[in-house]
Amino acid sequence: MIVHLFIRKIHINQRKDVKKMKKTYKIDVDCANCANKMEEAAKKTAGVKDATVNFMALKMIVEFEDGQEPKAVMKEVLKNCKKVEDDCEIFL
């Protein structure tokens, strides 16, 4: 019984320590369709768990996979976005 309670406490503490790494970036894009292309390109980038682009607010929210370095991943996100929309910008 004591071992079971100890293991359960460790499991609960581990869940509290897991933090989602999300960051918001200002973007520059000309149209809603282009923003959708950027969002899809970001989602397909290695190290990105999820991405959302808000055209009206000109913002991109990126959730990174565990253990990923946001700066390095965002450089790749920018490259991938430029492939689908060459005049877009993400302000890193």
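Preceding this section is the structure that the text describes.
Residues numbered from 1 in each chain as written. Predicted model: local features only at pLDDT ≥ 70, side-chain atom pairs only at ≥ 80, totals over all residues. Heavy atoms only, no water.

### Considerations on the pattern of salt bridges
At step 1: Summed over the entire model, instances satisfying the criterion amount to four salt bridges.
At step 2: In this structure, the salt-bridge partner of Glu76 is Lys79, at a minimum N-O distance of 3.3 Å. Of this pair, Glu76 and Lys79 both sit in helix 3 (residues 70-84), three residues apart, which is roughly one turn of that helix.
At step 3: Classification of Glu76 by relative accessible area gives partly exposed; the value is 36%.
At step 4: Here Glu89 ties to Lys82 by a salt bridge, and the two come within 3.6 Å at their closest N and O atoms.
At step 5: Look at Glu89 and you get partly exposed, because its relative accessible area is 26%.
At step 6: The partly exposed category is assigned to Lys82, whose relative accessible area is 31%. (Salt bridge = Lys/Arg side-chain N within 4 Å of Asp/Glu carboxyl O. Helix = DSSP H or I, 4+ residues; strand = E, 2+ residues; numbered from the N terminus. Buried < 20%, exposed > 50% of the residue type's maximum accessible area, 1.4 Å probe, protein only.)

### A word on the pairing of strand 3 (residues 59-64)
At step 1: Pairing of strand 1 (residues 21-28) with strand 3 involves six bridges; the strand directions are antiparallel. Within strand 3, the residue paired with Lys23 across the bridge is Val62.
At step 2: In this structure, strand 2 (residues 48-54) lies alongside strand 3, joined through six bridges in antiparallel fashion. Across the sheet, the residue bridging to Val53 is Met60, located in strand 3.
At step 3: Between strand 2 and strand 3, which follow one another and run antiparallel, lie four residues, and Leu58 among them has a positive phi close to 55°. (Pairing = 2+ DSSP bridges.)

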